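Residue-level listing of the chains:
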Amino acid sequence: MTVPLNEKIEIMSKIKEKAPIFDQDEAQDDIDGAHGTPYSISSILRRLRFRAHWLAPNLIPNSLKDHVALRLEREYDEGSRISEEIELRARAIWGVEVFGPNESQQLYTALKRLRWAQQFAEEGDDALAWVQKQRSYFTGGWFDLGVVTRIGQQKKFVGITSQAEMPEGVKHALVRLHQICPTITCIVVCFVLDNKFEKCYEENLNRKRTGYYKRGKLGWVRRIGPYEIKQEDIHNQRIKLRQSVSNWFSRTIPGYFTNSGAAHSLPFAELLCTAGDDVFTEHQGPVYSNWRRILTSPWEYEIWKSQGSTPLRFVDGQFHWPKELRNFLVAGLSISSLPEELRERNIVHLCDEELTSVLPYFAILGYLKEISRELKLTREELHVKKSRSRTLRSITRIQQYFDRNAGVPPAVREICKSVERPGSLDRYVSKFTAPKFGETAPVRYFAEELREHLHQTAMTLLEDESSAREHFEQLASILSIKESISAQRWMGLLTLVALVVAGLSLAAAWPDRWDTKIRSINEKAQILLEEIQSQDMRDTTGQTTEADES
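Being a predicted model, the structure only gives us computed values, none of them experimental.

Let us now look at the overall build of the protein. On a plain count of helices and strands, the protein comes out with 16 helices and 12 strands. By residue count, 42% of the 550 residues in the protein fall in the buried class. Across the protein, every contact between residues at least 6 apart in sequence was considered, and the portion connecting residues at least 24 apart equals 70%. Summed over all atoms, the accessible surface of the protein reaches about 31,500 Å², with 54% contributed by carbon and sulfur.

Most of strand β1 (residues 89-99) is tucked away, with 10 of its 11 residues classed as buried. The pairing of β1 with strand β7 (residues 268-274) spans six bridges and is classified as antiparallel. Bridged to A92 within β7 is L271. Across eight bridges, the pairing between β1 and strand β4 (residues 184-193) is antiparallel. When the sheet's bridge partners are listed, I93 is paired in β4 with F191.

For helix α15 (residues 408-418), the set of buried residues is V408, P409, A411, V412, I415 and C416. On an axial view of α15, the arc spanned by its buried residues comes to 160°, and they lie on one face.

In this section: the state of the cysteines. For the structure on display, the rule yields zero disulfides. C273 takes part in no disulfide bond, and the closest cysteine sulfur, belonging to C351, lies 5.6 Å away.

Under the defined criterion, the tally for this structure stands at 13 aromatic pairs. Ring geometry for W304 and F446: centres 5.2 Å apart, planes at 70°, overall edge-to-face. Of this pair, W304 sits in strand β8 (residues 304-306) while F446 sits in helix α16 (residues 446-549), and the two are 142 residues apart along the sequence. The exposure classification of W304 matches that of F446, with both residues buried. When the ring of F314 is compared with that of F446, the centres are 5.1 Å apart and the planes differ by 90°; the resulting orientation is edge-to-face. Here F446 lies in helix α16 and F314 lies in strand β9 (residues 313-315), a separation of 132 residues in the sequence. Residue classification places F314 among the buried residues on the basis of a relative accessible area of 0%. Given a relative accessible area of 5%, F446 falls into the buried group. Through a chain of ring-to-ring contacts, three or more aromatic side chains come together here, namely W304, F314, F432 and F446. In this structure, R223 is placed above the aromatic ring of Y213, and the distance from its NZ or CZ to the ring centre is 4.7 Å. Directly above the aromatic system of Y201 lies the positively charged group of R238, at a separation of 5.5 Å from the ring centroid.

Its place among the elements puts E198 in helix α7 (residues 195-198). Residues E198 and L271, 73 residues apart in the sequence, show an inter-C-alpha distance of 10.0 Å. When residues no more than four places from it in sequence are discounted, the contact partners of E198 are L88, R89, A90, R91 and L193.

The next thing to look at is the packing of helix α5 (residues 104-114) against helix α6 (residues 127-136). Closest axis-to-axis distance for the α5/α6 pair is 9 Å, and the angle between their directions is 155°. Put simply, α5 runs roughly antiparallel to α6. Counted together, S104, L107, Y108, L111 and K112 of α5 and A127, L128, V131, Q132 and R135 of α6 form the full contact between these two elements. By residue class, the composition of the contact of α5 with α6 is six nonpolar, two polar and two charged.

Rules of the game
- Residues numbered from 1 in each chain as written.
- Predicted model: local features only at pLDDT ≥ 70, side-chain atom pairs only at ≥ 80, totals over all residues.
- Heavy atoms only, no water.
- Helix = DSSP H or I, 4+ residues; strand = E, 2+ residues; numbered from the N terminus.
- Buried < 20%, exposed > 50% of the residue type's maximum accessible area, 1.4 Å probe, protein only.
- Contact = heavy atoms within 4.5 Å.
- Areas by Shrake-Rupley, 256 points an atom, 1.4 Å probe, with all protein chains shown as cover.
- Pairing = 2+ DSSP bridges.
- Arc of directions from axis to C-beta.
- Disulfide = S-S within 2.5 Å.
- Phe/Tyr/Trp six-rings, centres within 6.5 Å; stacked < 30°, edge-to-face > 60°.
- Lys NZ or Arg CZ within 6 Å of the ring centre and 35° of its normal.
- Axes fitted to C-alpha atoms, helices over the stretch in contact; angles between N-to-C directions.
- Parallel < 35°, antiparallel > 145°, perpendicular 65-115°, else oblique.
- Nonpolar A, V, L, I, M, F, W, Y, C, P; charged D, E, K, R; others polar.

Put into structure tokens, the structure is as follows:
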């Protein structure tokens, strides 16, 4: 079949537009295959080569496409590296633990053991006394402990007595306690990283990467380039940092997240500082060679900027972060954009003052979401078809749920009431704003949007918890009745079986007992007969004697 020249040119241009890295021979193969033209020997060899490449993609290259891909990957790898002038540094990481009504005793025990107090604090004026007073007579507010050093390093700070074991790569910590409502306490800990850990992201981005092929579940082969490799490395580094923070909380002062199996959802934040533009600034150029896109790629309406003294910006990114990084917040700061009078101050302390007001309520939102998730999982497990052997297990599961969440509904009501009025968080949360959704739209404040989200989540949780509690109570009652009826049936069946077994045993043992009984009756009858005969003989003898005498 002859293909017109103009049609060949048109098909060739379309193929090159869709796949510009195809070579001329591969495009010709597609044209011939589309029009039924027999493949040439070179075409067959190329297809065999592709089959071999599919079987061993990382050993056998795919002709020209691999060379083009390698060249582009080298360009992207070099373009995604960071120059020394940018000075990307992860200055600090934050972890937040929540202590609800069920974790109060653990909180008291940990604070009593740690003996944390403020700088130059007097006897009895420590963190434990403040928390006990707040949970008994709620007045609200926070308790700034300041610096908590490594064990044995208090002498480096004047008047500091608070100490604790620190994770690897941490110089010291800044601790602040927040009393959100009478039954909920939040502990915000800022871990100041040392010089080695500060460069962890920069070292990952500047490390040379080479792409590779990865086979999918359905048999397809996909090229993994340096951009995706670096993204995965950054992702694993963040998981590692969060894991170290959650392990510290579980060892030092465990709360809801570390005790309920939700340590992977512990509220977590990091501060990324640069000498020039911050990590959220958009730059022209290919996406795959942009290191800022590797660290974070937020939507412009998700970036919140501080209206205070520092040009701090952050993004929570709940929609585009992986599921392993839920309740995660990234803050960025450009050192060059700081006012001259603030550059001489401690950068971490400046950012901690603003972020520490945001993180407690950010953590409370994560706390409510985890409770809602546990409620849904419990409900789904109970909806699974149950056998008789799993009925008691279901009742035990319901009992455990009630034991774990005995004080949760009052705490959620307190949260719902505290954020009910508009503007109720304005005096607690620093002022952060985000771009408006339109020219006529109002200015967006993080405190107000967080308040609305908190109120909506708390109201939904209360409704779900109330309906689930009624459902669980009815289900437990029904299961108890079914179990009682089943037990009565089994008892009746066991009684019937016992009667049958007794009857069979009696019937089996009856012949022997009958012979024994008959022999016993015969012996008794024989003895009685002999007694009667002897008595008759005595009477006859007596009558004869009387007759002779008369």
